[in-house]
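# Examining the three-dimensional arrangement
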Amino acid sequence: MTSTTVPEFQHRTVLLDEAVDALALEGARADGVYVDGTFGRGGHSRLILSKLGANARLIAFDKDLQAIATAEQIDDPRFTIVHDSFATMTASLAERGVDKVDGILLDLGISSPQVDDAARGFSFRNDGPLDMRMDTTRGMSAAAWLATETEQTLEKVIKEYGEERFAFQIAKAIVARRAVEPISTTRQLAGIVAGAVKTREKGKDPATRTFQAIRIFINKELEDLEVGLNQAYASLAPGGIIAIISFHSLEDRMVKRFFASKANVEQPDRRLPIRAVDLPQPELKLLFKMKPSDAEVDANPRSRSAVMRVARRLPIPVEAQ
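Bear in mind the structure is a predicted one, so any value in this text is a computation, not a measurement.

### A closer look at the overall build of the protein
- Looking only at helices and strands, the protein has 13 helices and seven strands in total.
- Here the protein holds 321 residues, and 50% of them are scored as buried.
- Contacts in the protein between residues far apart in sequence, at least 24 positions, make up 68% of those at least 6 positions apart.
- About 15900 Å² of surface is accessible on the protein, with carbon and sulfur atoms providing 51% of the total.

Printed below as a string of structure tokens:
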């Protein structure tokens, strides 16, 4: 793989100590196998490596070539970086001789360097090409999608992925503008949205929800999360811990429901003659939910919407084996 030059943009890892502490990397667990499903700029991975034993392994994933370039600078035989989505976890681990892991961390947020680099097209504050792809080697750019998609689908994506109540007006304005000129820059799109949104949320740019929606759609973030949750669970050894940091309600709702589906098992009618050992057993134990402290939010306002949920996979009862 050819390395990519990494621009100098500062990144603060959200819930850095809290997320790594949640993996409980003490005692025998320090020599386990772990997954950082979203390497980003490596804050979590580096801290995990500092706590792991000599025989441990850490396998990280990322779709972003700049993240891969950063990861390739880590000279540690315990560390492996995979240029792909964590949704490929099962197959990617198997290729590396790993069946089960002792802990998984997913930080679902977009990194600050991605937002701050105007050339990536994620930000409505800095003008740049309207790309928005995490992996610029694959898929369709936001500009190409906006140029060809139907008004009905544009509305659906902006409404569902951005939870934007003015989705109809925004989609209509996009279609009207593209009939006159190509929509190729972030500032163009932000201006179209600003003209279509009738009222503004206090302290929030009117383009926030639309940019979020298009980014999620272009990068198939929710599809990856749905597949990734199932693959992460399948890869987690009994006693293994999974910690997931979400940054918007769509992601957090999916994580919450998935954890609940494994932790809250529907029980049959108590009047039925079923032995306790034969009753359905929960597969996950919900450990805790956490948000950034006031001090972290003050130091890094981008952390304000973060929510971390942590769960442990329960052992299979001896009688059920």
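Having seen the structure, we can now continue with the description.
### Points about the environment of Gly 42
- By secondary structure assignment, the location of Gly 42 is in the loop between strand S1 (33-36) and helix H2 (43-51).
- Classification of Gly 42 as buried rests on a relative accessible area of 0%.
- On a C-alpha basis, the gap between Gly 42 and Thr 70 in space is 7.5 Å, while along the polypeptide they are 28 residues apart.

### Focus: the nonpolar core
- In terms of nonpolar packing, the biggest core is built from 33 residues, with Leu 130, Leu 146, Ile 170, Ile 174, Leu 189 and Ile 214 touching the most fellow members.
- Listing elements by their share of this core, those giving two or more residues are helix H6 (142-148), helix H7 (151-162), helix H8 (167-178), helix H9 (186-196) and helix H10 (208-218).
- Counting residues in hydrophobic clusters, the runner-up holds 31 residues, among them Ala 22, Ala 24, Leu 105 and Ala 306.

### So, the side chain of Thr 38
- Mapping Thr 38 onto the fold places it in the loop between S1 and H2.
- Thr 38 gets classed as buried once you look at its relative accessible area, which sits at 16%.
- Every residue in contact with Thr 38, bar those within four places of it in the chain, is listed here: Phe 61, Asp 62, Phe 86, Leu 105, Leu 106 and Asp 107.

### Re the packing of H9 against H10
- With their axes 9 Å apart at the nearest point, H9 and H10 run at an angle of 125° to one another. What the angle tells us is that H9 and H10 run oblique. Considering how the two elements wind past one another, H9 and H10 form a crossing that is right-handed. Along its contact with H9, which presents Thr 186, Leu 189, Ala 190 and Val 193, the element H10 presents Thr 210, Phe 211 and Ile 214.
- Residue classes in the contact of H9 with H10 are distributed as five nonpolar, two polar and no charged.

### Quick look at the environment of Leu 236
- Looking at the secondary structure, you find Leu 236 in strand S5 (residues 236-246).
- Residues Leu 236 and Gly 103, spaced 133 residues apart in sequence, show a C-alpha to C-alpha distance of 6.8 Å.
- Contact partners of Leu 236, with chain neighbours within four places excluded, come to Lys 100, Val 101, Asp 102, Gly 103, Ile 104, Ile 241, Ile 242 and Arg 313.

### Concerning unusual backbone geometry
- Even without being a glycine, Ala 24 presents a positive backbone phi close to 55°.
- By secondary structure assignment, the location of Ala 24 is in the loop between helix H1 (16-22) and S1.
- In this structure, Glu 163 takes a positive phi of about 50° despite not being glycine.
- With respect to the element layout, Glu 163 can be found in the loop between H7 and H8.

### Focus: the packing of aromatic side chains
- For the structure on display, the rule yields five aromatic pairs.
- Their ring planes at 40° and their centres at 6.3 Å tell us that Tyr 161 and Phe 217 sit as a pair that is tilted. Of this pair, Tyr 161 sits in helix H7 while Phe 217 sits in helix H10, and the two are 56 residues apart along the sequence.
- Relative accessible area serves as the criterion here: at 25%, Phe 217 is assigned to the partly exposed category.
- A ring pair is formed by Tyr 233 and Phe 258, whose centres lie 6.2 Å apart and whose planes are at 75°; its orientation type is edge-to-face. With Tyr 233 in helix H11 (residues 221-235) and Phe 258 in helix H12 (residues 249-263), the pair connects residues that are 25 residues apart, well separated along the chain.
- Judged by its relative accessible area of 10%, Tyr 233 is buried.
- Put simply, the rings of Trp 145, Tyr 161 and Phe 217 pair up and form one aromatic cluster.
- The ring of Tyr 233 is capped by Arg 313, whose NZ or CZ atom sits 4.1 Å from the centre of that ring.

About the thresholds
Residues numbered from 1 in each chain as written. Predicted model: local features only at pLDDT ≥ 70, side-chain atom pairs only at ≥ 80, totals over all residues. Heavy atoms only, no water. Helix = DSSP H or I, 4+ residues; strand = E, 2+ residues; numbered from the N terminus. Buried < 20%, exposed > 50% of the residue type's maximum accessible area, 1.4 Å probe, protein only. Contact = heavy atoms within 4.5 Å. Areas by Shrake-Rupley, 256 points an atom, 1.4 Å probe, with all protein chains shown as cover. Core = buried A, V, L, I, M, F, W, Y, C linked by side-chain atoms within 4.5 Å. Axes fitted to C-alpha atoms, helices over the stretch in contact; angles between N-to-C directions. Parallel < 35°, antiparallel > 145°, perpendicular 65-115°, else oblique. Left-handed = near helix turned anticlockwise from the far one by under 90°. Nonpolar A, V, L, I, M, F, W, Y, C, P; charged D, E, K, R; others polar. Phe/Tyr/Trp six-rings, centres within 6.5 Å; stacked < 30°, edge-to-face > 60°. Lys NZ or Arg CZ within 6 Å of the ring centre and 35° of its normal.

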